[in-house]
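# Overview (structure and organization)
Spelled out from the first residue to the last, the chains are:
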Amino acid sequence: MLITIEGIDGCGKSSLHEALTFRLNDLSPVMTREPGATWIGDQVRRAIAEQADPIAEALLFVADHAAHLREVVRPALAEGRLVISDRYIDSRFAYQAVSLSGCIPDPLGWLSSVHNGWTIIPDLTFLLVLPVETALNRTQKRGSAEHFEKAEVLLQVQNNYLNRARAEPGRFVILDGALSPETILSFVENEIRKRTLK
Ligand code: TYD
C-alpha cells in the first residue's frame, strides 16, 4: 500500500512523517520522501537554491520521481510493504502548476502527460491544510525560506492541492494542520491501521 503526505511548506508533514516511523514500527513501513536522498535529489535541491529555470527544475523533480519509483517504491510494493512518502506526485501538481505558469501554455496538462503511463498513484493521501500565515511563521522560525515560501505562492499551491483533493475525494484525507501534532498523529495512525487491516 502506498500512502503519501502532502501540504505546503510549514504544514507539519515532515514531523508527522517522522513521528509515524515510531508509531507504526510494528508494520515495518518503508519511510521515504521526495525530493529523495539520492544524487538526483541533491540536484533538485541545488536547482531550488539557485533558482534554476522553472522547466529545468520541474524536469528534475520528475527525474527524482522516476528514480524514487525505480529504487524505492516499486521494489517495496512488490514485497507487499507499506510505503509512506513525505511528498510525492501531488507536490508537482501543486507547486509546478504555479512555477510553470507563464512558461508553458498548460502546466497541469503538461504535468499529467509527463507522468502518464509510468507513475503509481497513491492508495491514500493525507493533505495537511492550514492558514498560509501560520505555515509561514513556522518556516520563518526554522530560518529556511525557499523561493516557494512566499505567501501568494503558498496560497496558490494550497488551492491547487485542494482542487486535486476535490477531484479525487476517495484518495484524499484532508487534515486541519492547525490541530495539535499529537491529535493529527493519532488520527493518521488510526486511519492507516484501519486501512492496512482490510
Ligand atoms: P521539501 O520536502 O519541503 O524539502 P525540505 O524538507 O528540504 O524543505 O521540498 C523542498 C521544496 O520543493 C518544497 O518547497 C516543495 C518543493 N517541491 C516542488 O516544488 N515540487 C515537487 O515535486 C516536490 C517533491 C517538492
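Computed from a predicted model, the values in this text were never measured in an experiment.

## A closer look at the site of the ligand
Among the 13 residues in the neighbourhood of the ligand, the closest are listed as D9, R87, R92, Y95 and Q96. Contacts to the ligand include D9, whose side-chain N or O atom sits 2.7 Å from an oxygen atom. For the ligand, a nitrogen atom lies 2.7 Å from a polar atom in the side chain of Q96. Sorting elements by how many residues they give to the shell around the ligand places helix α4 (residues 89-99) first, with four residues. Along the lines of polarity and charge, the residues of the shell around the ligand split into five nonpolar, two polar and six charged.

## Points about the pairing of strand β3 (residues 83-86)
Residues in a regular strand point their side chains to alternate faces of the sheet. Residues V83 and S85 line one face of β3 and the alternating positions I84 and D86 line the opposite face, and both faces are buried. Sheet topology note: the strand β1 (residues 2-7)/β3 ladder contains four bridges and is parallel. Across the sheet, the residue bridging to I3 is I84, located in β3. Alignment of strand β2 (residues 30-33) against β3, held across four bridges, turns out to be parallel. Directly across from M31, in β3, lies its bridge partner I84.

## Things to note about unusual backbone geometry
Between E34 and the following residue, P35, the backbone shows a cis peptide bond with an omega angle of -10°. A positive phi angle, close to 45°, is found at S28, a residue other than glycine. Tracing the sequence through the fold places S28 in the loop between α1 (13-23) and β2. Classification of S28 as partly exposed rests on a relative accessible area of 39%. Residues other than glycine seldom take positive phi values, yet R87 does so here, at roughly 70°. Following the sequence through the fold, R87 ends up in the loop between β3 and α4.

Definitions and limits used
Starting afresh in each chain, residues are numbered from 1 along the sequence in its written order. Per-residue local features of the predicted model are confined to residues with pLDDT of at least 70, and side-chain atom pairs are confined, for both listing and counting, to 80 or more; whole-chain, interface and lining totals are unaffected and use all residues. With hydrogens and water stripped out, all remaining heavy atoms of the structure feed into the side-chain values. Proximity criterion: a residue is near a molecule or strand once any of its heavy atoms comes within 4 Å of it. Here a polar contact means two N or O atoms within 3.5 Å. Within protein one must be a hydrogen donor candidate and the other an acceptor candidate, and residues neighboring in sequence count only if both atoms are side-chain atoms. Secondary structure elements are defined from DSSP: runs of H or I of at least 4 residues count as helices, runs of E of at least 2 residues count as strands, and each element is numbered from the N terminus. Note that Gly is not counted as nonpolar here; it falls among the polar residues with everything else outside the nonpolar set of Ala, Val, Leu, Ile, Met, Phe, Trp, Tyr, Cys and Pro and the charged set of Asp, Glu, Lys and Arg. Here the term buried applies to any residue with accessible area under 20% of the maximum for its type, exposed to any over 50%, and partly exposed to those in between, with areas from a 1.4 Å probe on protein chains only. At least two bridges found by DSSP between two strands is the condition for calling them paired.

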